[in-house]
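Report on the structure
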Amino acid sequence: GGWLQEAYIDRNILDSLVTEADNGSIKPWLATSWTVSKNGLTYTFTLKPGVKFTDGTPLNAQAVVDNFNFWERGGNSTAEVSLDPYFKKAVAIGATQLKVELNKPYLPLLTMLSQAYFGILSPKSLTRSAGAQCDDPIGSGAFEVKQWIHGQELILTRNPHYTSWPATALHKGPAIVSEVDWKFLPDPVERYAALTTGEANLMYDIPTVDWKSAEASYQVTQYITPGKPVSLYMNTINGPFTDARVRQAFAYGADRKAAVETAFHGVIPYEGNPSVSRATPGYDAGVASAYPYDPAKANQLLDQAGWTKRDAAGYRTKDGKELDVKLAYPAGSVVTDEGATLLQILQQQWKQVGFNVKLVPETPAETFSGAYSTPTSYDAQPWYWTSPSPAILWIVWRPSTKSDPNGNNSSFYNNTELGNIIADGNTAATTAEADKYYDEAQQTIQNEAAAVGLYDQTMSIAVAKNLHDVWLEKSQGEPVFEDAYFTK
């Protein structure tokens, strides 16, 4: 799969080729070194010798090639879309060297490979069913799966033969703790309670209402996730948002900044840039300041778009039809209870300018089965997508074609010119050149109001004071336990 919380687990079981340091530079992990050809099409990786998977299989060049092939077959959908259409093939050249060949240059390749989605699995396990793969991923990492009761708990046990820690590790050698017991408690309030009673040593996703008390009693870390922030995609091919003026009115028509500060108690930052978060390289802060709260401007745009009358309830109408917006949101997976509170605050503000916003909470089962993924199933929907690179713009916004549909473009916004700009950024020779294209893309998305910014996706942990060196890695904030230790 490619769900972020799965990556949190994978990071502790699987090793990747490279790791991202806090300053954004790419450092060795399974690959001790690499070279890139002058034309940017061939990457040659040299692997750490003698590494073994926990099933005893050698982690050699062929094993890594098998993983590239597995990703490209759709074995991990996030890995696949992160490499498409740039990846051509991977070839082993000896036991510890492999070549990755590209169809065209892809500047973000190494940064993308630093994510846990690209953790290397044992080739033996790649032939198993997707279910078996998820239940018992076999890697070469600091921990292996001892027991996994889905929805309840996962017990990881130390890999005593661990030799392949990343350059970013805080110590050399196998993990210090013998076991990690990961309990799945869907309710953040329940998770925080487990920490306060001492039943848990750390918890993830601190309820913002408890933030100040957590800071007083625990070690608190907040990580702002790079990639696409939580923003509202607006359906540009069906319903009221086919008109750009109505989309712009929606952006102007609510005080999103104040609402985010209220709903999240000032803890989670408002994000006005709908296409990349402030933690993403190449972020344009100027784009983020577009569409300040301006009800007069919203009203003017709706008048221009022909929504000139109001019905008895105060909602705007056009040709006798009410300005209804079906806002479906993935409740309990993307949107927390506090996020739902935010949407209720915004709903009241949108009502003032004449939008009748109907909030439809999706169950996780509905979200993951795609019940709300078609152009007739919603008018607006919030999503995020984590990525350490502005190439996230390509994954989300590349135009959809019959032969190559893009299911990640939840605004159904097809702009060939925008696609070309982002593709130019991906193939640029230097970061500075790439950022010019990515910046132009951010401006286009904002000008067209193809999405509306809400808030940054964050990862937060509260850690007991006697537990040390749990860290969040740079590419997407995965918690790392291999260096963790307790003091009395």
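Our subject is the structure that appears above.
Heads up: these notes are all about the structure in this document. (Residues numbered from 1 in each chain as written. Predicted model: local features only at pLDDT ≥ 70, side-chain atom pairs only at ≥ 80, totals over all residues. Heavy atoms only, no water.)

1. Some remarks on the overall build of the protein
Summing up its helical and strand segments, the protein has 17 helices and 24 strands in all. Whereas a compact globule of 488 residues would reach a radius of gyration of roughly 23 Å, the protein reaches 23 Å, a difference of no more than 12%. Taken along its principal axes, the extent of the C-alpha atoms in the protein is 75 × 55 × 40 Å. Every one of the 488 residues in the protein was classed for burial, and the buried ones make up 55%. When contacts within the protein are restricted to residue pairs at least 6 apart in sequence, long-range pairs at least 24 apart make up 69% of them. With the model as given, the accessible surface of the protein reaches about 19700 Å², and the carbon-plus-sulfur share is 52%. Across the protein, 39 positive and 53 negative side-chain charges occur, with their mean positions spaced 3 Å apart. (Helix = DSSP H or I, 4+ residues; strand = E, 2+ residues; numbered from the N terminus. Rg over C-alpha atoms; globule rule 2.2 N^0.38 Å. Buried < 20%, exposed > 50% of the residue type's maximum accessible area, 1.4 Å probe, protein only. Contact = heavy atoms within 4.5 Å. Areas by Shrake-Rupley, 256 points an atom, 1.4 Å probe, with all protein chains shown as cover. Lys, Arg positive; Asp, Glu negative; His and termini not counted. Charge placed at Lys NZ, Arg CZ, Asp CG, Glu CD.)

2. Digging into the pairing of strand 20 (residues 458-463)
Burial within strand 20 is extensive, with six of its six residues counted as buried. Burial along strand 20 is two-sided: Thr 458, Ser 460 and Ala 462 and Met 459, Ile 461 and Val 463, pointing in opposite directions, are all buried. Strand direction decides the pairing type here: strand 10 (residues 202-204) and strand 20, joined by three bridges, are antiparallel. In the sheet register, Met 203 faces strand 20, and the bridge partner there is Ala 462. In this sheet, strand 20 lies alongside strand 11 (residues 219-224) in antiparallel orientation, the contact comprising six bridges. By the bridge assignment for strand 20, Ile 224 is matched with Thr 458. (Pairing = 2+ DSSP bridges.)

3. As for helix 9 (residues 244-252)
With seven of its nine residues buried, helix 9 lies for the most part within the structure. Taken together, the buried positions of helix 9 are occupied by Val 246, Arg 247, Gln 248, Ala 249, Phe 250, Ala 251 and Tyr 252. Sitting at the head of helix 9, Asp 243 places a side-chain oxygen 2.8 Å from the backbone nitrogen of Arg 245. (Polar contact = N/O pair within 3.5 Å; in protein donor to acceptor, adjacent residues only side chain to side chain.)

4. Some points on the pairing of strand 17 (residues 356-362)
Direction of pairing for strand 16 (residues 324-330) relative to strand 17: parallel, over a ladder of seven bridges. Following the sheet pairing, Ala 328 is matched in strand 17 by Val 360. You can see the chain leave strand 16, run along helix 13 (residues 337-353) and come back into strand 17, and the turn it takes is right-handed. (Right-handed = clockwise from strand over helix to strand, strands pointing away.)

5. Some details on the pattern of salt bridges
Tallying each qualifying case throughout the model produces 13 salt bridges. Across the salt bridge formed by Glu 482 and Arg 11, the nearest N and O atoms sit 3.7 Å from each other. With Glu 482 in the loop between strand 23 (479-480) and strand 24 (485-486) and Arg 11 in the loop between helix 1 (4-10) and strand 1 (18-20), this residue pair connects regions lying 471 residues apart in the sequence. As far as the burial class goes, Glu 482 and Arg 11 line up, both buried. A salt bridge links Arg 247 to Glu 448; its shortest N-O distance comes to 3.9 Å. (Salt bridge = Lys/Arg side-chain N within 4 Å of Asp/Glu carboxyl O.)

6. Points about the sheet that holds strand 5 (residues 87-92)
Strand order in the open sheet formed by four strands is 3-4-6-5, and the pairing between neighbours is antiparallel. Unpaired on one side and paired on the other, strand 3 (31-36) and strand 5 mark the two borders of the sheet. Adjacent strand axes in the sheet meet at a mean angle of 20 degrees, parallel and antiparallel pairs treated alike. Relative to strand 6 (residues 97-102), strand 4 (residues 42-47) runs antiparallel, the two being bridged by five bridges. (Axes fitted to C-alpha atoms, helices over the stretch in contact; angles between N-to-C directions.)

7. Focus: the nonpolar core
By size, the foremost hydrophobic cluster in this structure holds 136 residues, and its most contacted members are Leu 17, Phe 68, Phe 355 and Trp 397. A total of seven residues in this core trace back to one element, the largest contributor, which is helix 2 (residues 61-72). (Core = buried A, V, L, I, M, F, W, Y, C linked by side-chain atoms within 4.5 Å.)

8. Remarks on helix 12 (residues 295-304)
Within helix 12, burial applies to Ala 298, Leu 301 and Leu 302. Buried positions in helix 12, seen along its axis, are confined to an arc of 100 degrees and lie on one side of it. In the core, the buried residues of helix 12 are packed alongside helix 9, strand 14 (316-318) and helix 13. Positive backbone phi, approximately 95 degrees, marks Gly 306, located one or two places after helix 12. (Arc of directions from axis to C-beta.)

9. With respect to the sheet that holds strand 15 (residues 321-322)
Here three strands make up an open sheet; going across it, the order is 13-14-15 and the pairing antiparallel. Single-partner strands in this sheet number two, and they are strand 13 (309-310) and strand 15. With two bridges connecting them, strand 13 and strand 14 associate as antiparallel partners. Looking at strand 14, one finds that Arg 310 is bridged to Arg 316.

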